[in-house]
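Residue-level listing of the chains:
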Amino acid sequence: MTTSKSTQLTALKRIVIKLGGSMLERLNKEHIANFKQLQQQGTELIIVHGGGQAINKQLEKNGVTSTTINGFRVTSKEAADIVQTTLIGQVNPTLVHQLNKSGITAIGLSGYDANLLDCDVLDKETYGFVGEIKEVNSSLLDTLIASGITPVISCVGCAEDGTPLNINGDTVASKVALAMKADSLLLVTDTPGIKINGEILQLVSTSAINSWIETADIYGGMIPKVSAALDCLAAGIPSVQIVGEKLEGTTILKQGVFA
Ligand SMILES: Nc1ncnc2c1ncn2[C@@H]1O[C@H](COP(=O)(O)OP(=O)(O)O)[C@@H](O)[C@H]1O
Ligand SMILES: CC(=O)N[C@@H](CCC(=O)OP(=O)(O)O)C(=O)O
């Protein structure tokens, strides 16, 4: 990552890196070495992860079906329980272990921990047990970072009564980036950026995004990513990047730049 001219992450003070489910399965020592190098150069890291693929496997194993609307999973109570056990019980500790083993002191968190993600239910009729983040406990994250500990956040929140709420990982990443006033949000996924007419775009304007959603050039899991990006850009985060597993060959989204 640090050798790539296109990502230009080295001068950033604080970045939120979101690792998608597909990427998590391919995460290797080289990726982690890149993250560590960023830290050594003075960049504060906060990691958010998804785990859509792991959730799909567990849902299937348990005979639970689910659908998505524009990339967001419609989540029954049964599915929400499986999301909780899969992300908090399996995906998060596996990632935290990989990081700790490679010299990044990491701690696993979910929305449950110290009220990290204060949630409402988004729209029960449409999405079921999906959370909408009202507030992120940024002081907890500040304290951890100041102690040299990298927060690794799974995208699970909870309702008032403790019921688990599923939240899309890209949404969590954008809310955390905004609350922590990050300089950049990096969305790492299984495609090296936004592809339109067969080509990965390097620089994209926010104004083009909505029309690509309308024409279905952007669909499914890319919709939460571009929505997260638009939210961050609108609130003043200078740039959002969508990158593939090589952490380069990226799409950079910027306010007011024309594709
Ligand atoms: N315009 C687009 N460019 C690239 N990928 C797109 C586009 N529109 C939809 N996608 C889909 O979005 C997927 C990435 O989203 P998702 O599977 O949710 O990843 P992650 O698990 O990393 O969050 C791609 O694999 C691709 O199938
Ligand atoms: C509400 C919602 O869509 N939740 C997501 C949470 C996991 C996720 O976001 O995983 P990726 O980052 O791999 O896509 C889901 O159930 O798949």
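Values in this document were obtained by computation on a predicted structure and should not be read as measured data.

### Considering the nonpolar core
Stage number 1. Among the nonpolar cores identified, the biggest contains 79 residues, and Leu19 and Val176 are the most heavily contacted of them.
Stage number 2. Take this core: its biggest share by element is 9 residues, from helix α4 (residues 77-101).
Stage number 3. Those residues in contact with Leu19 that sit more than four places away from it in its chain are Leu24, Leu27, Phe35, Ile47, Val48, His49, Gly50, Leu95 and Val188.

### As for the packing of helix α3 (residues 52-61) against α4
Stage number 1. Running from N to C, α3 and α4 point in directions that differ by 125 degrees, and their axes come no closer than 9 Å. As far as their axial angle goes, α4 and α3 are oblique. Judged by the sense of rotation from one axis to the other, the crossing of α3 with α4 is right-handed. Between α3 and α4, the residues in contact are Ala54, Ile55, Gln58 and Leu59 and Ala79, Ile82, Val83, Thr86, Leu87, Gln90 and Val91, respectively.
Stage number 2. Taken together, the residues of the contact of α3 with α4 break down into 8 nonpolar, 3 polar and no charged.

### Overview of the site of ligand 1
Stage number 1. The environment of ligand 1 is formed by 17 residues, the closest being Thr189, Asp190, Lys195, Asp217 and Lys225.
Stage number 2. Gly21 places a main-chain nitrogen or oxygen 3.3 Å from an oxygen atom of ligand 1.
Stage number 3. At a separation of 2.7 Å, an oxygen atom of ligand 1 approaches a polar side-chain atom of Asp190.
Stage number 4. Taking a 2 Å distance to the grid points as the criterion, the majority of the atoms of ligand 1 fall inside the largest pocket.

### Details of the UniProt feature "binding site: substrate" (unreviewed entry) in the protein
Stage number 1. When the UniProt feature table is mapped to this numbering, "binding site: substrate" (unreviewed entry) covers Gly51, Gly52, Arg73 and Asn166. Spatial clustering of the annotated residues is evident: they stretch over 116 residues in sequence, but the largest pairwise C-alpha distance comes to 12.1 Å. Considered against the largest pocket, the annotated residues that line it turn out to be Gly51, Gly52, Arg73 and Asn166.
Stage number 2. Residue position: Gly51 is located in the loop between β2 (44-49) and α3.
Stage number 3. The exposure class assigned to Gly51 is buried, which follows from its relative accessible area of 6%.
Stage number 4. Tracing the chain through its elements places Gly52 in helix α3.

### Here we look at the pattern of salt bridges
Stage number 1. Across all of its chains, the model carries 9 salt bridges by this definition.
Stage number 2. The salt bridge partner of Asp142 is Arg14, with a shortest N-O separation of 3.3 Å. Of this pair, Asp142 sits in helix α6 (residues 138-146) while Arg14 is found in strand β1 (residues 14-19), placing the two residues 128 residues apart along the sequence.
Stage number 3. Residue class for Arg14 comes out buried when judged on its relative accessible area of 14%.
Stage number 4. In this structure, the salt-bridge partner of Asp120 is Lys134, at a minimum N-O distance of 3.5 Å. Taken together, the residues span a long stretch of sequence, with Asp120 in strand β6 (residues 117-121) and Lys134 in strand β7 (residues 131-136) at a distance of 14 residues.
Stage number 5. One salt-bridge network, held together by shared partners, links Lys13, Arg14, Glu44 and Asp142.

### So, the site of ligand 2
Stage number 1. Around ligand 2, the surrounding shell holds 15 residues, and the nearest of these are Lys18, Gly21, Arg73, Asn166 and Gly169.
Stage number 2. Lys18 places a side-chain nitrogen or oxygen 2.5 Å from an oxygen atom of ligand 2.
Stage number 3. Calculation on ligand 2 without its partners gives an accessible area of 430 Å², and the protein chains cover 89% of this total.
Stage number 4. A molecule is said to occupy a pocket when more than half its atoms come within 2 Å of that pocket's grid points, and by this definition ligand 2 occupies the largest pocket.

Calculation notes
- Residues numbered from 1 in each chain as written.
- Chains lettered and ligands numbered in written order.
- Predicted model: local features only at pLDDT ≥ 70, side-chain atom pairs only at ≥ 80, totals over all residues.
- Heavy atoms only, no water.
- Core = buried A, V, L, I, M, F, W, Y, C linked by side-chain atoms within 4.5 Å.
- Buried < 20%, exposed > 50% of the residue type's maximum accessible area, 1.4 Å probe, protein only.
- Helix = DSSP H or I, 4+ residues; strand = E, 2+ residues; numbered from the N terminus.
- Contact = heavy atoms within 4.5 Å.
- Axes fitted to C-alpha atoms, helices over the stretch in contact; angles between N-to-C directions.
- Parallel < 35°, antiparallel > 145°, perpendicular 65-115°, else oblique.
- Left-handed = near helix turned anticlockwise from the far one by under 90°.
- Nonpolar A, V, L, I, M, F, W, Y, C, P; charged D, E, K, R; others polar.
- Near = heavy atom within 4 Å.
- Polar contact = N/O pair within 3.5 Å; in protein donor to acceptor, adjacent residues only side chain to side chain.
- 1 Å grid on protein atoms, 1.4 Å probe; cavity = no way out; pocket = protein on both sides within 12 Å on 5 of 7 lines; lining within 4 Å.
- Sits in = over half its atoms within 2 Å of the grid points.
- UniProt positions renumbered as here; feature names shortened; annotations may be inferred.
- Salt bridge = Lys/Arg side-chain N within 4 Å of Asp/Glu carboxyl O.
- Areas by Shrake-Rupley, 256 points an atom, 1.4 Å probe, with all protein chains shown as cover.

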